[in-house]
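# Coordinate analysis (summary)
These are the residues of each chain, in order.
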Amino acid sequence: MRPLYFAPPRSTPGMTQAPPSKVFIKTFGCQMNEYDSSKMVDVLKAARGYERTLDIDDADLVLLNTCSVREKASEKVFSDLGRLKAWKAAKPGRLVGVGGCVASQEGDAIAKRATAVDLVFGPQTLHRLPELIDQTRATLRPAVDVRFPEIEKFDRLPEPRAEGPTAFVSIMEGCSKYCTFCIVPYTRGEEISRPLDDVLAEVDSLLGQGVREITLLGQNVNAYNGVMADGSHCDLALLLHILARFDGLGRVRYTTSHPAHFNDALIDAFASIPKLDNQLHLPVQSGSDRILAMMKRGYTQADYLRKIFRLRKVRPNISLSTDLIVGFPSETDEDFEQTMALIEAARFDAAYSFIYSPRPGTPAANLRDGVPLDVKQARLERVQARIREFGEQFAARLVGTVQSVLVTGPSRKGGSQLTGKTPCNRSINFDGPAHDAARLVGQFVDVQVTASMANSLRGEIVTADARGLLPLL
Ligand code: SAM
Ligand code: F3S
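Residues numbered from 1 in each chain as written. Chains lettered and ligands numbered in written order. Predicted model: local features only at pLDDT ≥ 70, side-chain atom pairs only at ≥ 80, totals over all residues. Heavy atoms only, no water.

## Side note on the sheet that holds strand E7 (residues 166-170)
Across the sheet, which stays open at both edges, the 3 strands sit in the order E7-E10-E13 with parallel pairing between neighbours. Edge positions in the open sheet fall to E7 and strand E13 (251-255), since each of these has one partner strand only. Between one strand and the next, the sheet's axes are offset by a mean angle of 25 degrees, whatever the strand orientation. The pairing of E7 with strand E10 (residues 213-217) spans 5 bridges and is classified as parallel. Within E10, the position partnered with Ser 170 by the bridge is Leu 217. (Pairing = 2+ DSSP bridges. Helix = DSSP H or I, 4+ residues; strand = E, 2+ residues; numbered from the N terminus. Axes fitted to C-alpha atoms, helices over the stretch in contact; angles between N-to-C directions.)

## Re the confidence of the model for the protein chain
In this model, the protein chain carries an average pLDDT of 91, and 94% of its residues clear a pLDDT of 70 or more. Predicted confidence is poor over residues 1-12, with pLDDT under 50, and the contacts of this stretch with residues over four places away or in other chains come to 31 contacts. (pLDDT = per-residue confidence, 0-100. Contact = heavy atoms within 4.5 Å.)

## Remarks on the site of ligand 2
Every residue near ligand 2 is listed here: Cys 175, Lys 177, Tyr 178, Cys 179, Phe 181, Cys 182, Val 184, Pro 185, Gln 219, Asn 220, His 258 and Arg 297. The class makeup of the residues in the shell around ligand 2 is 7 nonpolar, 3 polar and 2 charged. (Near = heavy atom within 4 Å. Nonpolar A, V, L, I, M, F, W, Y, C, P; charged D, E, K, R; others polar.)

## Side note on the site of ligand 1
In the vicinity of ligand 1 lie 18 residues, with Gln 219, Gln 285, Arg 297, Asp 323 and Ser 357 positioned nearest. Between an oxygen atom of ligand 1 and a side-chain N or O atom of Asp 323, the distance comes to 2.5 Å. In the model, a nitrogen atom of ligand 1 is placed 2.7 Å from a nitrogen or oxygen of the Ser 357 main chain. Per-class residue counts for the shell around ligand 1 are 7 nonpolar, 7 polar and 4 charged. (Polar contact = N/O pair within 3.5 Å; in protein donor to acceptor, adjacent residues only side chain to side chain.)

## With respect to the side chain of Ser 170
Note on placement: Ser 170 falls in strand E7. Accessibility expressed as a relative area gives 2% for Ser 170, which makes it buried. (Buried < 20%, exposed > 50% of the residue type's maximum accessible area, 1.4 Å probe, protein only.)

## As for the nonpolar core
With 59 residues, the main nonpolar core has Ile 171, Leu 216, Leu 236, Leu 239, Leu 240 and Tyr 254 as its most contacted residues. If we ignore the near neighbours within four places in the chain, the residues touching Leu 236 are Ile 171, Leu 216, Val 221, Asn 222, Tyr 224, Tyr 254 and Leu 266. Core analysis: the next-biggest nonpolar cluster, separate from the first, contains 22 residues, Ile 25, Leu 44, Leu 61 and Leu 132 among them. (Core = buried A, V, L, I, M, F, W, Y, C linked by side-chain atoms within 4.5 Å.)

## With respect to the pairing of strand E3 (residues 61-66)
With 6 of 6 residues buried, E3 lies mostly within the body of the structure. With burial as the criterion, each face of E3 is covered, one bearing Leu 61, Leu 63 and Asn 65 and the other bearing Val 62, Leu 64 and Thr 66. One ladder, built from 5 bridges, connects strand E1 (residues 22-27) with E3; its direction is parallel. Paired with Phe 24 across the two strands is Val 62, which belongs to E3. Between the parallel elements E3 and strand E4 (residues 95-99), the chain passes through helix H2 (residues 71-89) in a crossover that is right-handed. (Right-handed = clockwise from strand over helix to strand, strands pointing away.)

## Describing the environment of Lys 91
Along the polypeptide, Lys 91 turns up in the loop between H2 and E4. Exposure remark for Lys 91: the relative accessible area of 37% places this residue in the partly exposed category. Sequence-wise, Lys 91 and Asp 57 are 34 residues apart; in three dimensions their C-alpha atoms are separated by 9.6 Å.

## Overview of helix H8 (residues 196-208)
A rise of 1.5 Å per residue sets the reference length of H8, with its 13 residues, at 18 Å; its end C-alpha atoms lie 18 Å apart and thus fit the reference within 8%. Along H8, the positions that sit buried rather than exposed are Leu 196, Asp 198, Val 199, Leu 200, Glu 202, Val 203, Ser 205, Leu 206 and Leu 207. (Expected span 1.5 Å × (residues − 1).)

## Observations regarding the sheet that holds strand E15 (residues 319-326)
Taken in spatial order, the 3 strands of this open sheet run E14-E15-E16, and their pairing is parallel. Every interior strand has two partners, whereas the edge strands, strand E14 (279-281) and strand E16 (350-355), have only one. Each strand of the sheet is rotated relative to its neighbour by a mean of 10 degrees, with strand direction disregarded. Judged from the 3 bridges that link them, E14 and E15 form a sheet pairing that is parallel. Each residue of the ladder has a partner; that of Leu 280, found in E15, is Leu 320. Contacts from helix H14 (residues 373-398) reach E15 and E16, with the element oriented near 175 degrees to E16.

## Concerning the packing of helix H9 (residues 236-244) against helix H10 (residues 264-272)
Between H9 and H10, the least distance of the axes is 8 Å, while the angle of their chain directions is 20 degrees. Classified by the interaxial angle, the pair formed by H9 and H10 is roughly parallel. Every pair of crossing elements has a handedness; the one defined by H9 and H10 is left-handed. Contact residues: H9 offers Leu 236, Ala 237, Leu 240 and His 241, while H10 offers Ala 265, Leu 266, Ala 269 and Ser 272. (Parallel < 35°, antiparallel > 145°, perpendicular 65-115°, else oblique. Left-handed = near helix turned anticlockwise from the far one by under 90°.)

This is the structure:
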């Protein structure tokens, strides 16, 4: 149903084929960027036969898929570009491209500041990479395209290729929340949802390729509002109910959600859809109502906790993770204690927590930031230590339970050891059958958890093929 714009490269009979060009991609930041990087490879492969390489010296094209959410990630890009000058000079014809949010924000200023750069493209124009490569080769000047041409990107991407039993499907792009600290609405554009039929076609194609778990992706995935064939709109809860009826799909999850859109219909979905992962990532940012208002988040600590308590009524053992910012301008000890109180009440078992980083062009960047760095650092350490404790307690409670595990591949330890994911999205390693462990990859097996480590679990296989079991805890 989606037009395939790129014909694969043709070979002429009797001629020896040139080896395929190779692309090396360095990805900064979030899962959205990981997804975009995989799409860059798909586009370049379909249009020009590129292969991905993990060895930069083997590459003809280097792409930096950048993140500008915090200053550190942003600055790292320019130091990498400095180093890429020598890489480029070492072999004629090599190209350097910058994509993602830094590219979107800086546009052609990047090519002026870093002379090694040939291509500058944004999150919404990555499908134009082949044309941009042609353009820079023809003009010998940097080719720049950082527009937001609405949903065109999705229509121009080749069919998705599955790599293993789990896959991401982007259902919406951008963000219209304009939290005062955040650069994303300026770099990725406003929220726009993919039509329902396009999402379903992509899921169907992935399931046909052996995928068993789908993660629905979006900057604010629960603001999904995809148009349906009859012109009406589908929200995330309805999409989940529709996907639950897809036979081959064993498990579905979504990220990242905004608390303001986390409504009763989504809580009901956790109650009524066993295939919905036993995990939720719900960024809260702060526990102080004063700071939340300054951030323009649109909820209070009590609003957030009410939703969590309702959720835990229907899924008592759900894994709950969040994002937290400490040291927002003017954050007092009292504000920070409110964040600690929220952590106690919500019992997050994981979190991405960072010190506030002023982003030029955002409203908060103009606020006076009087909090000393050592105070911010100490607050961050307290947040992280407490959440680590909750994480360890959560994992320890899994020991002794039997979990339905999606086997994702051999474990890094080798032998017949396998690795997989529990319904709460924790990694678990266990010994597969010695004679034929690989047979279980892509299947759901029952695994008894025997030990919890800092970042993973260990277990013993109980039975195979127990798809669809509710998580036990
Ligand atoms: N949609 C999500 C939400 O509901 O909040 C957030 C997506 S945002 C790209 C990812 C995370 O980056 C945020 O949750 C926030 O914690 C962090 N972040 C964004 N801007 C930041 C800044 N200026 N300083 C520190 N952390 C920031
Ligand atoms: Fe950023 Fe707030 Fe959107 S954190 S991605 S503006 S919900």
